[in-house]
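Structural overview for review
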Amino acid sequence: KIKKGGREGEKGSDINEQQVIESYFYSGYEYDAIRSFLVQYHGIEMSMSTLKRRLKEYGLKRKGADLDDSEVKSIIQRELDGPGCLSGYRSMWHTLRLMHGVNIPRSKVQCLLKELDPTGTEERRRHRLKRRAYKSSGPNECWHVDGYDKLKPFGFPIHGAVDGYSRRVLWLKVSSTNNNPSVVASFFLDCIRELQGCPEVLRTDPGTENGKMAIAQCFLRANDADEFSGEKAHRYGTSTGNQRIECWWSHFRKSRTTWWINFFKNLTDRGIVKIGNTYYNECLWFCFNKLLQEDLDFVRLHWNTHYIRASRHDTVPGKPDELFFLPERSGGEDHLKFVEDQQIQEAVAGVDAEHDNVDNDYQQYFNYVCNQQGLENPKTWHEALSLFHHMLSLES
């Protein structure tokens, strides 16, 4: 399976045409790109006039939204009541289209955000960031992989990967550990299985957690004949030198995780969370891990479908998903190295990729309590915090 525009579909499979078109439309793709995606990944051919007619039939239009300012304000206010409070007006504008189907001018979102979040708007306006130049000829030429430890003190280490050319986030996972080589390798191999291929070069820092992933990459590229085959298919470097992923972590911190960090720090400072207490740690994981993963899935979807502007650093402008899956439109060349299923299975066996060991006695107990008392999985941080308080009350 492949993921496009936030939806899953199989190439050439019998799919719901309306759902696919709506998915790409709300992701903000231009009509030419939508047609290319439909042909290349869903086996649906249609002319531009047919696509426009379909959009009209489905009630999809770029301009003339029926929502008034009060309704849009209400949606933005809900987004601001959580990690979305770190979003700038471009990010908020994309969120409104992607998650709520709201198509309004970006200038109006900018004005509303200034009104509803004046402090955050001013802080973002003053920001200045200098980046080093980065060169790449196409997607899958180099994947940049790293762990993110800012939420690790609260029991939520994160692991991610970014494609160097398109800046597409390939995976973004929260797990009980990002130090286990088998867990890290499983993320890598899951991505390879999804894409049916591996990158030309894999870039990581020298941490021991990356050892099995490096072995798998070199194994999968062992029989290739290009200049980066075999052992040259993996490259170690310092964390600060792993430019693409480090740059993305910086964006991630400013746009999302600062809210989560402050949230958990606040619980700790108030004595609600006791870091180092096993019961508290397991309870925190039980109540928040799925919610946090859902938020990471949204961040990945949001980033991969937003537009990256042209810059003085000679990077290619465009949407990460479009640059990754349709590189010919931006003058890029796909460097994906095809991998057969048997090779992947051998790689999995070779690294002994296992999943997190989170199904312990504590987690089984919390699940038992929820089943017995009819408690549902939390859908918001408010509900997760209420469930956390409830589980803590059972200890006493």
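Above this note sits the structure.
Fair warning: this is a prediction, and the values are worked out from it, not measured in the lab.

Regarding the overall build of the chain
The number of helices and strands found in the chain is 15 helices and 9 strands. The proportion of buried residues among the 396 residues of the chain is 48%. Residue pairs in contact within the chain that sit at least 24 positions apart in sequence constitute 71% of those at least 6 positions apart. Working note: accessible area of the chain is about 19900 Å², and carbon and sulfur atoms make up 47% of it.

Thoughts on the pattern of salt bridges
Scanning all chains against the criterion turns up 12 salt bridges. Between Arg193 and Asp190 there is a salt bridge, with its nearest N and O atoms 3.1 Å apart. With a gap of 3 residues between them, Arg193 and Asp190 both fall in helix H8 (residues 181-195), about one helical turn apart. With a relative accessible area of 40%, Arg193 lands in the partly exposed category.

Section: the packing of aromatic side chains
Taken as a whole and judged by the stated rule, the model has 33 aromatic pairs. With a centroid separation of 6.0 Å and 80 degrees between ring planes, the pair formed by Trp143 and Phe188 is classed as edge-to-face. One end of the pair, Trp143, is in strand E3 (residues 142-148); the other, Phe188, is in helix H8, and 45 residues separate them in sequence. The burial state of Trp143 is the same as that of Phe188; both residues are buried. With centroids separated by 5.9 Å and ring planes inclined at 25 degrees, the aromatic side chains of Trp260 and Phe264 adopt a geometry described as stacked. Taken as a pair, Trp260 and Phe264 lie in helix H10 (residues 243-269) at a separation of 4 residues, close to a single helical turn. Trp260 gets classed as buried once you look at its relative accessible area, which sits at 3%. Connected via pairs of aromatic rings, a cluster forms that spans Phe154, Phe156, Trp259, Trp260, Phe263, Phe264, Trp285, Phe288 and Trp381. Lying across the ring of Phe324, Arg168 places its NZ or CZ 5.0 Å from the centre.

Some remarks on the nonpolar core
Grouped together as the largest cluster of nonpolar side chains are 46 residues, with contacts concentrated most on Phe156, Trp260, Phe264, Phe288 and Phe388. Elements with a contribution of two residues or more to this core: strand E4 (158-163), strand E5 (169-174), H10, helix H11 (278-304), helix H14 (361-373) and helix H15 (381-395). At 13 residues, H11 tops the list of elements feeding residues into this core. Apart from the residues within four sequence positions on either side, Trp260 is in contact with Pro83, Leu151, Phe288, Leu291, Leu292, Asp295 and Trp381. By size, the runner-up hydrophobic cluster in this structure holds 41 residues, among which are Ala33, Leu51, Leu60 and Leu170.

Concerning the sheet that holds E3
Strands sit in the order E5-E4-E3-E7-E8 across an open sheet of 5 strands; the sheet is mixed. Where the open sheet ends on each side, the last strands, each with one partner, are E5 and strand E8 (234-236). The average angle at which neighbouring strand axes cross in this sheet is 15 degrees, direction not considered. Contacts from helix H9 (residues 211-220) reach E3, strand E7 (201-204) and E8, with the element oriented near 145 degrees to E8.

Focus: the side chain of Glu322
Relative to the helices and strands, Glu322 is located in helix H12 (residues 320-325). Sequence-distant contacts of Glu322, that is, excluding residues within four places in its chain, are made with Tyr29, Ala33, Phe37, Pro327 and Arg329.

Regarding helix H3 (residues 48-57)
Regarding H3, the residues found buried are Thr50, Leu51 and Leu55. Each buried residue of H3 sits inside an arc of 140 degrees when the element is viewed along its axis, so together they form one side. Of the residues in H3, the exposed ones pointing more than 90 degrees away from the buried face are Lys56 and Glu57. Looking at the buried side of H3, the elements it contacts are helix H1 (17-26) and helix H2 (31-42). In the stretch just after H3, Gly59 is the one whose phi turns positive, near 70 degrees.

Quick notes on a nonpolar patch on the surface
Among the surface-exposed residues, Tyr365, Tyr368 and Leu394 lie close enough to one another that they form a single nonpolar patch of about 290 Å² accessible area. Looking at the secondary structure, you find Tyr368 in helix H14.

Structural notes on the packing of H10 against H11
Two quantities define a packed helix pair, namely the angle between the helix axes and the distance between the axes. At their nearest, the axes of H10 and H11 sit 12 Å apart, and the two run at 155 degrees to each other. As judged from the angle between their axes, H10 and H11 are roughly antiparallel. Like other packed secondary-structure pairs, H10 and H11 cross with a definite hand, here right-handed. For the pair H10 and H11, contact is made by Trp248, His251, Phe252, Arg256, Trp260, Phe263 and Phe264 and by Leu284, Phe288, Leu291, Leu292, Asp295, Leu296, Phe298, Val299 and Trp303, respectively. Looking at side-chain class alone, the contact of H10 with H11 contains 13 nonpolar, 1 polar and 2 charged residues.

Examining unusual backbone geometry
Phi at Asn140 takes a positive value of approximately 70 degrees, unusual for a residue other than glycine. Within the fold, Asn140 resides in the loop between helix H7 (118-125) and E3. The backbone of Gln196 sits at a positive phi, close to 60 degrees, despite the residue not being glycine. Within the secondary structure layout, Gln196 lies in the loop between H8 and strand E6 (197-198). For Gln196, a relative accessible area of 46% gives the class partly exposed.

Rules behind the numbers
Residues numbered from 1 in each chain as written. Predicted model: local features only at pLDDT ≥ 70, side-chain atom pairs only at ≥ 80, totals over all residues. Heavy atoms only, no water. Helix = DSSP H or I, 4+ residues; strand = E, 2+ residues; numbered from the N terminus. Buried < 20%, exposed > 50% of the residue type's maximum accessible area, 1.4 Å probe, protein only. Contact = heavy atoms within 4.5 Å. Areas by Shrake-Rupley, 256 points an atom, 1.4 Å probe, with all protein chains shown as cover. Salt bridge = Lys/Arg side-chain N within 4 Å of Asp/Glu carboxyl O. Phe/Tyr/Trp six-rings, centres within 6.5 Å; stacked < 30°, edge-to-face > 60°. Lys NZ or Arg CZ within 6 Å of the ring centre and 35° of its normal. Core = buried A, V, L, I, M, F, W, Y, C linked by side-chain atoms within 4.5 Å. Pairing = 2+ DSSP bridges. Axes fitted to C-alpha atoms, helices over the stretch in contact; angles between N-to-C directions. Arc of directions from axis to C-beta. Patch = residues over 30% accessible without salt bridge, like charges linked within 9 Å, V, L, I, M, F, W, Y side chains within 5 Å. Parallel < 35°, antiparallel > 145°, perpendicular 65-115°, else oblique. Left-handed = near helix turned anticlockwise from the far one by under 90°. Nonpolar A, V, L, I, M, F, W, Y, C, P; charged D, E, K, R; others polar.

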